[in-house]
Structure formats: C-alpha cells, structure tokens
Amino acid sequence: HSLSRAQLRELAASVVREAPTLRYFLERGRGANDLGRGRCSEGVCECLPPFRGATCEHQDPPRIEQRLRGVIHFITAETEQDLRDLSRALGTLWARFNHRFDYPVVIFHEGLSPIGRRRIVQASENRIWFALL
C-alpha cells in the first residue's frame with residue numbers, strides 16, 4: 001500500500017542506523033545502471049531518491065509527471081545560520097520553481113541531528129533526501 005505525504009515526510013526526517021546485512025541489501029544494484037536503493041556510511045544508512053524507509057522499501061514518487069530526470073542539491077552544516085539559510089532557500093525554491101516540477105532535493109551533510117533533519121524537511125513542501133559526505 002502507498003504511504004501518505006505526511007508518512008513519507010516522517011520517513012524523510014528519520015535516521016536509520018546500520019544493521020548487519022543492511023548495507024549489502026541497500027547498495028546492491030540490480031543491473032549495470034542501478035546504484036541500489038541507498039547507501040550506508042559511518043553507521044548511518046540513507047535512501048536514494050525515490051526510496052524511503054528503514055530498508056528503502058517505499059517509493060516517494062513525484063506529484064507531477066516529470067519529463068526530465070534530475071535532482072537539486074544543497075550542502076550544509078548544522079549551524080543555526082546554515083539551517084536558517086537553508087530553510088529560507090528551500091521555501092523559495094518550492095514557491096518559485098519546484099512546485100511546478102517536484103524534483104527531489106538532496107541535502108549533503110557531515111552529520112545532521114534528528115532535530116536538524118526534521119527542521120529541514122518541514123521547511124518546505126520539497127521532497128527531501130539526505131546524503132552523508
């Protein structure tokens with residue numbers, strides 16, 4: 001069954017700790033151009049777009065049909081100023097552009113707390129993914 005937008009947003013903000021065999025399951029590709037559903041680094045596992053969940057088992061599809069494949073990305077640290085700037089940028093991105101396209105937004109980081117993740121996800125209607133640098 002498909003999850004609601006609210007449930008998918010909750011999954012976006014969640015932190016999944018690496019468990020035995022999870023890295024293999026998430027990172028194994030199913031073909032030459034398949035990168036898998038996620039990746040694990042430093043004990044944390046994160047899904048790649050469009051996947052969500054503890055084992056990246058759910059899909060978070062775009063709300064608008066897309067003709068082009070792509071992602072929008074940001075790099076951030078967890079300082080108050082960076083989180084404030086990123087929240088403002090994400091709100092503007094959604095209001096002025098991404099509400100028409102619904103491209104995934106990937107936030108590259110060096111370690112974000114659950115509070116920081118939740119704050120970023122709640123800053124806009126963008127579909128957010130996190131990627132540890």
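Quick look at the structure, then. (Residues numbered from 1 in each chain as written. Predicted model: local features only at pLDDT ≥ 70, side-chain atom pairs only at ≥ 80, totals over all residues. Heavy atoms only, no water.)

**So, the sheet that holds strand β2 (residues 38-41)**
Here's step 1: Sheet architecture is open: 3 strands sit in the order β1-β3-β2, paired in antiparallel fashion. Looking at strand neighbours, the two that pair on one side only are β1 (16-17) and β2, the edges of this open sheet.
Here's step 2: Looking at chain direction, β1 and strand β3 (residues 44-47) are connected through 2 bridges and run antiparallel. Paired with Val16 across the bridge in β3 is Cys45. (Pairing = 2+ DSSP bridges. Helix = DSSP H or I, 4+ residues; strand = E, 2+ residues; numbered from the N terminus.)

**Let's talk about the state of the cysteines**
What is meant by a disulfide is a covalent connection between two cysteines, made through their sulfur atoms.
Here's step 1: In total, this model carries 2 disulfides according to the counting rule given.
Here's step 2: Between the sulfur of Cys40 and that of Cys45 lies a disulfide, 2.0 Å long from S to S. Its torsion about the S-S bond being 100°, the disulfide of Cys40 and Cys45 is classed as right-handed. With respect to burial, Cys40 and Cys45 carry one shared label: buried.
Here's step 3: Put simply, Cys47 and Cys56 are joined by a disulfide, and their sulfur atoms are 2.1 Å apart. Between Cys47 and Cys56 the disulfide shows an S-S torsion of about -100°. By sign, it is left-handed. (Disulfide = S-S within 2.5 Å. Buried < 20%, exposed > 50% of the residue type's maximum accessible area, 1.4 Å probe, protein only.)

**Some remarks on the side chain of Arg117**
Here's step 1: Looking at the secondary structure, you find Arg117 in helix α4 (residues 114-121).
Here's step 2: There is a polar contact of 2.6 Å between the side chain of Arg117 and the side chain of Glu46.
Here's step 3: With near-sequence residues (within four places) excluded, Arg117 lies in contact with Ala12, Ala13, Ser14, Val15, Val44, Glu46, His109, Leu112 and Phe130. (Polar contact = N/O pair within 3.5 Å; in protein donor to acceptor, adjacent residues only side chain to side chain. Contact = heavy atoms within 4.5 Å.)

**Things to note about the packing of helix α1 (residues 5-13) against α4**
Here's step 1: The contact between α1 and α4 brings their axes to 8 Å, and the two run at 140°. The orientation of α1 relative to α4 falls into the category oblique. Considering only the axes of α1 and α4, their crossing is right-handed. Each of Arg9, Glu10, Ala12 and Ala13 in α1 lies in contact with α4, whose residues at this interface are Arg117, Arg118 and Val121.
Here's step 2: In terms of residue class, the contact of α1 with α4 is made up of 3 nonpolar, no polar and 4 charged. (Axes fitted to C-alpha atoms, helices over the stretch in contact; angles between N-to-C directions. Parallel < 35°, antiparallel > 145°, perpendicular 65-115°, else oblique. Left-handed = near helix turned anticlockwise from the far one by under 90°. Nonpolar A, V, L, I, M, F, W, Y, C, P; charged D, E, K, R; others polar.)

**Structural notes on the nonpolar core**
Here's step 1: Within the largest apolar cluster, 15 residues are counted, with the highest numbers of intra-cluster contacts made by Leu90, Val105, Ile107, Ile120, Val121, Ile128 and Phe130.
Here's step 2: Looking at this core, the elements that each hand over two or more residues are α1, α3 (80-96), β7 (105-109), α4 and β8 (128-132).
Here's step 3: Discounting chain neighbours no more than four positions away, the residues touching Leu90 are Phe74, Val105, Ile120, Ala123, Ser124, Asn126 and Ile128.
Here's step 4: Core analysis: the second largest hydrophobic core is formed by 11 residues, Leu22, Cys40, Cys45 and Phe51 among them. (Core = buried A, V, L, I, M, F, W, Y, C linked by side-chain atoms within 4.5 Å.)

**A word on the side chain of Arg52**
Here's step 1: Among the secondary structure elements, Arg52 is positioned in strand β4 (residues 51-52).
Here's step 2: Those residues within four positions of Arg52 in sequence are excluded, and the remaining contacts are Leu8, Leu11, Ala12, Cys47, Glu57, His58, Asp60, Arg127, Ile128 and Trp129.

**So, empty space enclosed by the protein**
Here's step 1: Following the criterion strictly, the structure yields 2 cavities of 30 Å³ or more and no others.
Here's step 2: Space inside the largest cavity adds up to approximately 140 Å³.
Here's step 3: Leu11, Ala12, Ser14, Glu46 and Cys47 are, among the 15 residues lining the largest cavity, the residues nearest its centre.
Here's step 4: Those elements that place two or more of their residues in the lining of the largest cavity are α1, β3, β4 and β8.
Here's step 5: Considering only enclosed or pocket space, the second largest cavity measures out at about 50 Å³ in volume.
Here's step 6: Lining the second largest cavity, in full, are Arg5, Leu8, Arg9, Ala12, Arg52, Asp60, Val121, Glu125, Asn126, Arg127 and Ile128. (1 Å grid on protein atoms, 1.4 Å probe; cavity = no way out; pocket = protein on both sides within 12 Å on 5 of 7 lines; lining within 4 Å. Points joined across faces, edges and corners; volume = space filled by probe spheres on them.)

Purely geometric stuff here, so don't read any function into it on its own.
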